[in-house]
Structure formats: structure tokens, C-alpha cells
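# Close look at the chain arrangement
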Amino acid sequence: MSVGNRIYKKFKRIDPALYADFNDIPVANIGDASMKIACVDSHIRSMNHRRLIGQAYTVRVPEGDNLLVFYAIDNANEGDIIVIDGDGYSQRALFGEILLKMAQKKGIGGFIINGAIRDYDAIEKSAIPVFASGISPNGPYRNGYGEVNVPVVIDGKVIQPGDVVIGDDESI
């Protein structure tokens, strides 16, 4: 995966009242109503059985590098879902307990991580929904390049900054 070096601070947002009615609808039903093409493969799964709904704040990082995830937590709005595309790399965790605590203080709405997490016990007990593709005890690099609020691709599904993302135990 080729990752550049750019950060976009503004993107189009929508009123949360427009998607509030989706809060109780299973993701499978939303996928069916979306011509059966909206859901990602089940390898991105809930790590703590919490429902996720909110607007995407996207981050694309090189394999195993999470420095821009710190930036995303600092700059996302309360309730945003931080969508991290780490190309599914599973040898180094992109997210763990330190970032989880930062996100709790900031009021982040959840995480979708195309990559690994660590500190599973803390994440499993957290009220913040966390979806990821795996678990690794290895810590991340912090070399610092990546992209914020650009389109990301997870399992062939393009997620734009500001898109409404919804997740439950079956999928996102």
C-alpha cells in the first residue's frame, strides 16, 4: 500500500439526526437494503460487543505505524468513528489501552481498524466500540507519515470522511 503525507482538516459532515433511526437496525438488514454490497467481510470484527454508529474520521497509515492515530484522536469531533486503514497488517498493533484512554477523554464514538489491536482485556471492557482485524502484542512504530481524512478502502469498500458507519457483532 502506498501512503502519502497529507492531512485534510475539513470535510462535509451531516446532522446526526439524519441517521439516528438506524441505531436499532441490525447491520445485516442495512446491508440487505443496500443491495447487499455495503458490509465488509467478517475479518473486521467487534472486539467488545458494542454497537457503533457515527461519522467516519479516516486515517491511512503505513503497516504497523500509528503516530497519526494520536493526531486523529486529538482532532476528531466528539462522537466521530475513527476508521484506520493499516492495510490489514497484523504483526504490530495500531491501537491499545493508551489510545483507548485518550479516546475516552475526548468522547470518540468508536474505532474501525483494518489492522491489529493489543491490550485486549482493556478494550473488551471498554464502552467505546472497537472493531479490528486482529490482535498482536507487538507495539507500533511511530515514524509519522500517513494521511488523514482521505478515502480509505477496507475489504473493497470505500469509506469517505463523513460517511455514516454502523457496526454490530456481525459486521460493519
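Look up a bit, the structure's there.
The sections below set out a description of the structure shown in this document. The residue numbering used here restarts from 1 in each chain and proceeds along that chain's sequence as written. For a predicted model such as this one, the threshold for reporting local features is a pLDDT of at least 70, and the threshold for listing and counting side-chain atom pairs is 80 or more; totals across whole chains, interfaces and linings nevertheless cover every residue. Hydrogen atoms and water are omitted, and side-chain values are computed over all heavy atoms in the structure.

Moving on: the overall build of the chain. Only DSSP runs of H or I reaching four residues or more are called helices, and only runs of E reaching two or more are called strands; each is numbered from the N terminus. Along the chain, the regular secondary structure elements total four helices and 11 strands. For a compact globule of 172 residues, the expected C-alpha radius of gyration is about 16 Å, and the chain comes in at 15 Å, within 12% of that figure. C-alpha atoms of the chain, sized along the principal axes, occupy 40 × 35 × 30 Å. Burial classification: accessible surface area is computed with a 1.4 Å probe over protein chains only, and a residue below 20% of its type maximum counts as buried, one above 50% as exposed, and the rest as partly exposed. Out of the 172 residues belonging to the chain, those deemed buried represent 46%. For every accessible area listed, the method is Shrake-Rupley and the probe measures 1.4 Å; residues are considered covered only by the protein chains on display. Surface summary for the chain: the accessible area is close to 8,400 Å², and the carbon and sulfur share equals 49%. The positive charge centre, built from 18 side chains, and the negative charge centre, built from 22, are 6 Å apart in the chain. Each radius of gyration reported is based on C-alpha atoms, and the globular scaling rule is 2.2 Å times the count of residues to the power 0.38. Here Asp and Glu are counted as negative and Lys and Arg as positive; His is not counted, and neither are the chain ends. Charge coordinates come from a single atom per side chain, which is NZ of Lys, CZ of Arg, CG of Asp or CD of Glu.

Moving on to the side chain of S171. Relative to the assigned elements, S171 resides in the segment after β11 (164-167). Polar contact is the term for a pair of N or O atoms within 3.5 Å; when the atoms are in protein, one must be able to donate a hydrogen and the other to accept it, and sequence-neighboring residues count only if both atoms are side-chain atoms. Within the local environment of S171, its side chain forms a polar contact with the backbone oxygen of V40, the two atoms lying 2.9 Å apart. Here a residue-residue contact requires only that any non-hydrogen atoms of the pair lie within 4.5 Å. Apart from residues no more than four positions distant in its own chain, S171 is found in contact with V27, C39, V40, F131 and I166.

What follows concerns the layout of surface pockets. Buriedness of a pocket was judged along seven lines, with at least five required to meet protein on both sides within 12 Å; pockets are open sets of points on a 1 Å grid over the protein atoms alone, cavities are sets where a 1.4 Å probe fits but cannot get out, and lining residues have an atom within 4 Å of a point. Grid points are joined across faces, edges and corners, and a volume is the space filled by probe spheres set on the points. Size it by volume and the largest pocket reaches roughly 390 Å³. As for the largest pocket, its lining consists of 18 residues, and the residues nearest its centre are A38, V164, V165, I166 and I172. Those elements that provide at least two residues to the lining of the largest pocket are α1 (27-33), β10 (157-159) and β11. Asp, Glu, Lys and Arg are counted as charged, while Ala, Val, Leu, Ile, Met, Phe, Trp, Tyr, Cys and Pro are counted as nonpolar; the rest, among them Gly, fall into the polar class. Split by residue class, the lining of the largest pocket holds 14 nonpolar, two polar and two charged.

For the rest of this paragraph, the subject is the pattern of salt bridges. We count a salt bridge whenever a side-chain nitrogen from Lys or Arg sits within 4 Å of a carboxyl oxygen from Asp or Glu. Using the criterion set out here, one finds seven salt bridges in the structure. Two residues, E97 and K101, come together in a salt bridge whose shortest N-O distance is 3.7 Å. Taken together, the residues span about one helical turn, with E97 and K101 both in helix α3 (residues 97-106) at a distance of four residues. R118 serves as the salt-bridge partner of D119, at 3.9 Å between the closest nitrogen and oxygen. Each member of the salt-bridge network shares a partner with another, and the members are R6, R60 and E147.

Now for the packing of aromatic side chains. Side-chain rings of Phe, Tyr and Trp, where Trp is taken by its six-membered ring, are said to pair if the distance between their centres is within 6.5 Å; with planes under 30 degrees apart they count as stacked, over 60 as edge-to-face, and otherwise as tilted. Tallied over the full model, the rule gives two aromatic pairs. Ring centres of F11 and Y57 lie 6.0 Å apart, and the angle between their planes is 70 degrees; this geometry places the pair in the edge-to-face category. With a gap of 46 residues between them, F11 in the loop between β1 (5-7) and α1 and Y57 in strand β3 (residues 52-60) connect regions that are remote in the sequence. Overall, Y57 belongs to the buried group, its relative accessible area being 3%. Geometry around Y141 places R92 over its ring, the cationic atom sitting 4.4 Å from the centre. Note on geometry: a ring has a charge over it if NZ (lysine) or CZ (arginine) is within 6 Å of the ring centre and within 35 degrees of the ring normal.

With that settled, consider unusual backbone geometry. Here the phi dihedral of N149 falls at roughly 60 degrees; this positive angle occurs in a residue that is not glycine. The topology assignment puts N149 in the loop between β8 (146-148) and β9 (152-154). A relative accessible area of 6% places N149 in the buried class. Notably, D155 is not glycine yet its phi reads approximately 55 degrees, a positive angle. In this structure D155 comes out as partly exposed when scored by relative accessible area, which is 29%.

Before going further, it helps to examine the packing of helix α2 (residues 67-75) against α3. Simply put, an axis is a line fit to the C-alpha atoms, just over the touching stretch for a helix, and the angle between two N-to-C directions goes from 0 to 180 degrees. At their nearest, the axes of α2 and α3 sit 9 Å apart, and the two run at 15 degrees to each other. As summarised for this structure, α2 and α3 are arranged roughly parallel, according to the angle between their axes. α3 is crossed by α2, and the crossing has left-handed handedness. Together, V69, F70, I73, D74 and N75 of α2 and L99, M102, A103 and K106 of α3 make up the contact between the two elements. Here the contact of α2 with α3 is built from residues that sort into six nonpolar, one polar and two charged. Here is the rule for angles: anything less than 35 degrees is roughly parallel, anything more than 145 is roughly antiparallel, 65 through 115 is roughly perpendicular, and the remaining ranges are oblique. Crossing handedness is read from the near helix: turned anticlockwise from the far helix by less than a right angle, it gives a left-handed crossing, and turned clockwise, a right-handed one.

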